[in-house]
Amino acid sequence: NYVRTGELEWHVIHPGAVYNHECREEPAFADALKNTCARHRCGPERPLELVYYADEATSGNLLNLDPSRKSWLFYWAFREQREQLSHESCWMLGGVLTARKLHKVTGNLAAVFKLHLDMFFGSRCNMRLHGISVHCADSFVFMLWACLKVTLADEDGLRNMWSLTG
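Residues numbered from 1 in each chain as written. Predicted model: local features only at pLDDT ≥ 70, side-chain atom pairs only at ≥ 80, totals over all residues. Heavy atoms only, no water.

Notes on the overall build of the chain
A count of helices and strands for the chain gives five helices and eight strands. Element order for the chain, N to C, with α for helix and β for strand: β-β-α-α-β-β-β-α-α-β-β-β-α. At 17 Å, the chain has a C-alpha radius of gyration in line with the 15 Å of a compact globule built from 166 residues. In terms of principal-axis extent, the alpha carbons of the chain reach across some 45 × 35 × 30 Å. (Helix = DSSP H or I, 4+ residues; strand = E, 2+ residues; numbered from the N terminus. Rg over C-alpha atoms; globule rule 2.2 N^0.38 Å.)

In structure tokens:
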């Protein structure tokens, strides 16, 4: 997905596309997600709880960090995947944005956070109200509903994501 808003042009990964691709290509992933939905009776009245995670990282030499190489990485998973949350493969990568690009955005991290959450809960796709259909390699199709439950980041990240002061 290509998102454009004002001064930001950003390639992001749409949650519906991720789940459909992964469930078609990786039967073990599809089984785990189907089991999570079934175990928690996922539906419009009982959506899965989205955990959204933003992290700032700097690539390169750890002994000589270059601030110009700083980026923000955005991930998500579902709280109901409790035992799997410690595994990297459980977290879906939603996008990467360089700090240089981020500083040019009016509203900074809060604007990017809103833009990304619009992919989950916006007018074109609303996983809370309408859910998304997920198609598996075995031709099984199931619906997935979600609501935002937890945001994770360091203190500075949370303050900026929610436009908090103080």
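Now that the structure is up, let's keep going.
A short note on the nonpolar core
What tends to happen in soluble globular proteins is that the nonpolar side chains get buried as a cluster. Judged by nonpolar contacts, the single largest core of 39 residues is most densely connected at Y19, C23, L33, F74, F78, M127 and L144. If you list the elements that add at least two residues to this core, you get α1 (15-25), α2 (27-39), β3 (48-58), β4 (70-78), β5 (92-98), α4 (108-121), β6 (132-135) and β7 (141-144). Looking at which element gives the most residues to this core, the answer is α4, with seven residues. Those residues within four positions of M127 in sequence are excluded, and the remaining contacts are P15, F78, F120, F121, I132, L144, W145 and A146. (Core = buried A, V, L, I, M, F, W, Y, C linked by side-chain atoms within 4.5 Å. Buried < 20%, exposed > 50% of the residue type's maximum accessible area, 1.4 Å probe, protein only. Contact = heavy atoms within 4.5 Å.)

A look at the pattern of salt bridges
Evaluation of the coordinates by the stated rule reveals six salt bridges. The partner of E83 in a salt bridge is R39, with the nearest N and O atoms 3.6 Å apart. With a gap of 44 residues between them, E83 in the loop between β4 and β5 and R39 in helix α2 connect regions that are remote in the sequence. By relative accessible area, R39 is classed as partly exposed at 44%. A salt bridge links R159 to D156; the nearest nitrogen and oxygen atoms lie 2.2 Å apart. Of this pair, R159 and D156 both sit in helix α5 (residues 155-161), separated by three residues, roughly a single helical turn. Taking relative accessible area as the criterion, R159 reaches 33% and is therefore assigned partly exposed. Three or more residues joined by partner-sharing salt bridges are found here, namely D31, K34 and D138. (Salt bridge = Lys/Arg side-chain N within 4 Å of Asp/Glu carboxyl O.)

Digging into a nonpolar patch on the surface
A surface patch of nonpolar side chains, amounting to about 210 Å² of accessible area, comprises I13, L93 and V96. Secondary-structure assignment places V96 in strand β5. A relative accessible area of 42% means that V96 is categorised as partly exposed. (Patch = residues over 30% accessible without salt bridge, like charges linked within 9 Å, V, L, I, M, F, W, Y side chains within 5 Å. Areas by Shrake-Rupley, 256 points an atom, 1.4 Å probe, with all protein chains shown as cover.)

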